[in-house]
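# Inside the fold
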Amino acid sequence: MAPDDADRTNPSDGTDETLSRTPNSDSAPHSASVDTWSSKRDKDGPRRPPRGVNAPALGLRGTLLFLWRQLTSMQTALILLMLLAIAAVPGSLYPQRSVNPALTDQFLEENGRWGKLLDTLGFFEVFSSPWFSAIYLLLFISLIGCIIPRVGVHLRQVRAKPPRTPSRLTRFTGYTRVELPGADADALLETARRSLRRSRYRTDVREETGSRSVSAERGLLRESGNLLFHIALVGVLICVAGGQLTSYRGQITVIEGQGFTNSLTQYDSFESGAWFDTSELSPFQFTLDEFRAEYVLEGADESRVGQPLSFEADIDVTTPGEEQEQRTLQVNKPLHVDGTSMYLLGNGYAPDVTVTDPEGNVVAQGPVITVPMGDVGYTSQLVIKAPDARPDQLAVVGFFLPTGVIDEEGPHSIYPDLADPQLALTVHKGDLGLDSGVPQNAYEVDVSTLTPVTGDDGTPVLISLAPGQIFELPDGTTISFDGVKRYAAFDVAHDPFERWVLVSALTAVGGLILSLFVPRRRLWVRVGDRSGPDGTVVLEVAGLSRSDDPALPDDVRALATKLSEAQDGTGGPAGPSPADPDQIDDTTDDHHEGSAQ
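To keep things clear, this report deals only with the structure shown in the data block. (Residues numbered from 1 in each chain as written. Predicted model: local features only at pLDDT ≥ 70, side-chain atom pairs only at ≥ 80, totals over all residues. Heavy atoms only, no water.)

## Considering the overall build of the chain
Along the chain, the regular secondary structure elements total 10 helices and 26 strands. Of all intrachain contacts in the chain linking residues separated by at least 6 positions in sequence, the fraction that spans at least 24 positions is 64%. (Helix = DSSP H or I, 4+ residues; strand = E, 2+ residues; numbered from the N terminus. Contact = heavy atoms within 4.5 Å.)

Next comes the structure, spelled out in structure tokens:
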């Protein structure tokens, strides 16, 4: 990210003389010697102090300038970019609160101290953690510090003429010297200039002592692409930061036949940026008509039976001032409504259960969202809390089994679709602790503080129900399994900078392609004055690559050959005339660098 290397058209000749001052003993006595300059070290004189001894201190300003140069160097920017990529890895390995808070809480409960340590370090909120933000900010500053001076340098290069022709072309790539007896120097030079112009070189004709030359350069588009890449990368960082400040994201769960209105109270979880106003939520609503899922059926590969093939959610969307619209959401097909995107995040079953207490009061009724336990058969945990039950509060816990089997392994489902739906439940009574003021997870209950409802033998009553069945407990509590519905979980997100992130990313890719595939080179053509009785003209051609350009030597020789062949045919009836240089074939140059600017 540092500016291009200095012009290498005048490389050093390799000498490195060290001058030292020694007394001239021939001209005066030693006490009154006159110092003279010599190119050899004085072995008897005082030695130069070692480097670093008595070096002046940098001071505050010098230290700050040194740190700034280090921060804005290419090496530092690359290190920061690598650190940013490494810092983002935990965001894909550990659940993030902004995406799935329930899964994050589950991870913390299962991992104890290790989970608490990771939570303290910010591994569950990686992209808003202080250490990730610090790397992000330093990379942003480093890129800005690299880009600004390079833009100025590049603009000056674009406006400047190609560099002058070096005095000794023999030191450069593909140097070719051709003697052309009787050639027209002016026509040869003009032919070279036009040929280079047609190959999209910037050219400049210069008068020299005893000769004239054409200096040509192209490939500045390489540096333009490099700058475009870094500017677009800064754009990505700005857009991502702007999106974090002005966006929101929330999760909702909707059962078939029910609806959702985009208001804060409807979300199961909701997070927004510091600059987002919750009153600006997009006013839309929808109803989940049907959720469909397809799975691999029996008879196929046994290892694939039960694996999902597709998930689809049919919804009716309503926005103010527009007619109702029917849409189908899929896993990779989100819904976009008024700047808000809604993604299909998950799904499950919601068995319709009715619970009455011993006094005959209906204390729970309707579909109950169950939580899949992660197996292929979609065995799901069910929790029903009935705080209004009398004489004691009730908690119904157990499993919903889409294709139920109860064996020595306990109740579980062997297939995820509704082939043989069953409920396997137990009932507990006691104080549910809902009046304590401490928030509780709606999908969990601590049964260790409750008393199970038992049968005549004193063992807990195990309830197994199929759709349409009713079970009555010894204490008069009844539970009925009325049917099954499906639910879908959605992720609702709004990010006004989302499109600009995409545009910046595509621009960065385009700039990177230019910087990698456009070669930057310089060519020089020198035509000497006529010398000798036959009027011989000396043609010299050479080039210099500012990047990896293996085709340059061949292109230099090809240009020299074309120019010499054009002059050889000056007097012949079939050769091109010096006054008509456009007839020279430029196929070789265009083939190698026709797209470079």
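Here the narrative resumes.
## Description of the sheet that holds strand β11 (residues 325–330)
Strand order in this open sheet of four strands is β7-β9-β10-β11, and the pairing throughout is antiparallel. Strands with a single pairing partner mark the edges of an open sheet, and in this sheet they are β7 (259–261) and β11. Adjacent strand axes in the sheet meet at a mean angle of 30°, parallel and antiparallel pairs treated alike. With six bridges connecting them, strand β10 (residues 308–318) and β11 associate as antiparallel partners. Looking at β11, one finds that aspartate 316 is bridged to glutamine 326. (Pairing = 2+ DSSP bridges. Axes fitted to C-alpha atoms, helices over the stretch in contact; angles between N-to-C directions.)

## What about a nonpolar patch on the surface?
The grouping of Leu58, Leu60, Leu64, Phe66 and Leu67 at the surface amounts to a nonpolar patch, some 550 Å² of accessible area in total. With respect to the element layout, leucine 64 can be found in helix α1 (residues 59–71). (Patch = residues over 30% accessible without salt bridge, like charges linked within 9 Å, V, L, I, M, F, W, Y side chains within 5 Å. Areas by Shrake-Rupley, 256 points an atom, 1.4 Å probe, with all protein chains shown as cover. Salt bridge = Lys/Arg side-chain N within 4 Å of Asp/Glu carboxyl O.)

## A word on the layout of surface pockets
The computed volume of the largest pocket comes to approximately 1600 Å³. As for the largest pocket, its lining consists of 45 residues, and the residues nearest its centre are Asn100, Ala102, Leu103, Val371 and Pro372. Taken together, the elements giving at least two residues each to the lining of the largest pocket come down to α4 (101–120), β6 (248–255), β9 (285–295), β10, β13 (340–356), β15 (371–372) and β24 (478–494). In terms of residues, the lining of the largest pocket owes the most to one element, α4, which gives six residues. Grouping the amino acids of the lining of the largest pocket by side-chain chemistry returns 26 nonpolar, 14 polar and five charged. (1 Å grid on protein atoms, 1.4 Å probe; cavity = no way out; pocket = protein on both sides within 12 Å on 5 of 7 lines; lining within 4 Å. Points joined across faces, edges and corners; volume = space filled by probe spheres on them. Nonpolar A, V, L, I, M, F, W, Y, C, P; charged D, E, K, R; others polar.)

## Some remarks on the nonpolar core
Grouped together as the largest cluster of nonpolar side chains are 51 residues, with contacts concentrated most on Phe286, Val355, Ile479 and Phe490. Residues within four places of phenylalanine 286 in sequence aside, it is in contact with Ile252, Val254, Gly259, Phe260, Ile315, Asp316, Val317, Met342 and Phe490. If you look at the next biggest cluster of nonpolar residues, it comprises 21 residues, including Leu189, Ala192, Leu523 and Ala560. (Core = buried A, V, L, I, M, F, W, Y, C linked by side-chain atoms within 4.5 Å. Buried < 20%, exposed > 50% of the residue type's maximum accessible area, 1.4 Å probe, protein only.)

## Some thoughts on unusual backbone geometry
The peptide bond linking arginine 390 to proline 391 adopts the cis configuration, its omega dihedral lying at 10°. Mapping proline 391 onto the fold places it in the loop between β16 (380–386) and β17 (394–401). Positive phi outside glycine occurs at arginine 200, with the angle close to 65°. As for its position among the elements, arginine 200 is in the loop between α6 (185–198) and β4 (202–208).

## Things to note about the pairing of strand β20 (residues 422–429)
Of all eight residues that make up β20, seven are buried, and the element is covered over most of its length. Bridge analysis of β17 against β20 gives eight bridges, and the strand direction is antiparallel. Looking across to β20, one finds that glycine 398 is bridged to leucine 425. With three bridges joining them, β20 and strand β22 (residues 463–465) adopt antiparallel strand pairing. Residue pairing across strands places leucine 423 opposite leucine 465, the latter belonging to β22. Pairing geometry for β20 and strand β21 (residues 451–452), over two bridges, is antiparallel. Paired with histidine 428 across the two strands is proline 452, which belongs to β21.

## A look at the sheet that holds strand β3 (residues 173–181)
The strand order across the open sheet built from five strands is β3-β26-β25-β5-β4, with neighbouring strands paired in antiparallel fashion. The open sheet has two edge strands, β3 and β4, and neither has a second partner. Ignoring which end each strand starts from, the neighbouring axes of this sheet average 15° apart. With seven bridges connecting them, β4 and strand β5 (residues 211–218) associate as antiparallel partners. By the bridge assignment, valine 205 is partnered in β5 with valine 214. Each of β3, β4, β5, β25 (521–528) and β26 (536–545) touches α6; the most contacted strand, β25, lies at about 170° to it.

## Examining the packing of helix α2 (residues 74–87) against helix α5 (residues 130–159)
Where α2 contacts α5, the axes come no closer than 9 Å and their chain directions differ by 150°. Taken together, the axes of α2 and α5 are roughly antiparallel relative to one another. For the pair α2 and α5, the sense of crossing is left-handed. Contacts from Ala77, Leu80, Leu81, Leu83, Leu84 and Ala87 of α2 reach α5 at Trp131, Phe132, Ile135, Tyr136, Leu138, Leu139 and Ser142. (Parallel < 35°, antiparallel > 145°, perpendicular 65-115°, else oblique. Left-handed = near helix turned anticlockwise from the far one by under 90°.)

## Description of the side chain of threonine 356
Its place among the elements puts threonine 356 in strand β13. Look past the residues within four positions of threonine 356 in its chain and what remains in contact with it is Asn361, Val362, Val363, Thr477 and Thr478.

## A few points about the packing of aromatic side chains
Using the criterion set out here, one finds 21 aromatic pairs in the structure. Relative to phenylalanine 124, the ring of tyrosine 94 has its centre 6.1 Å away and its plane inclined at 85°; by these criteria the two rings are edge-to-face. In this pair, tyrosine 94 sits in the loop between α3 (89–93) and α4 while phenylalanine 124 sits in the loop between α4 and α5, placing the two residues 30 residues apart along the sequence. Taking the relative accessible area as the measure of exposure, tyrosine 94 reaches 19% and is therefore buried. By way of ring pairs, the aromatic residues Tyr248, Phe260, Tyr267, Phe270, Phe276, Phe284, Phe286 and Phe490 are connected into one cluster. Directly above the ring of tyrosine 349 sits arginine 486, whose terminal nitrogen or CZ lies 4.2 Å from the centroid. (Phe/Tyr/Trp six-rings, centres within 6.5 Å; stacked < 30°, edge-to-face > 60°. Lys NZ or Arg CZ within 6 Å of the ring centre and 35° of its normal.)

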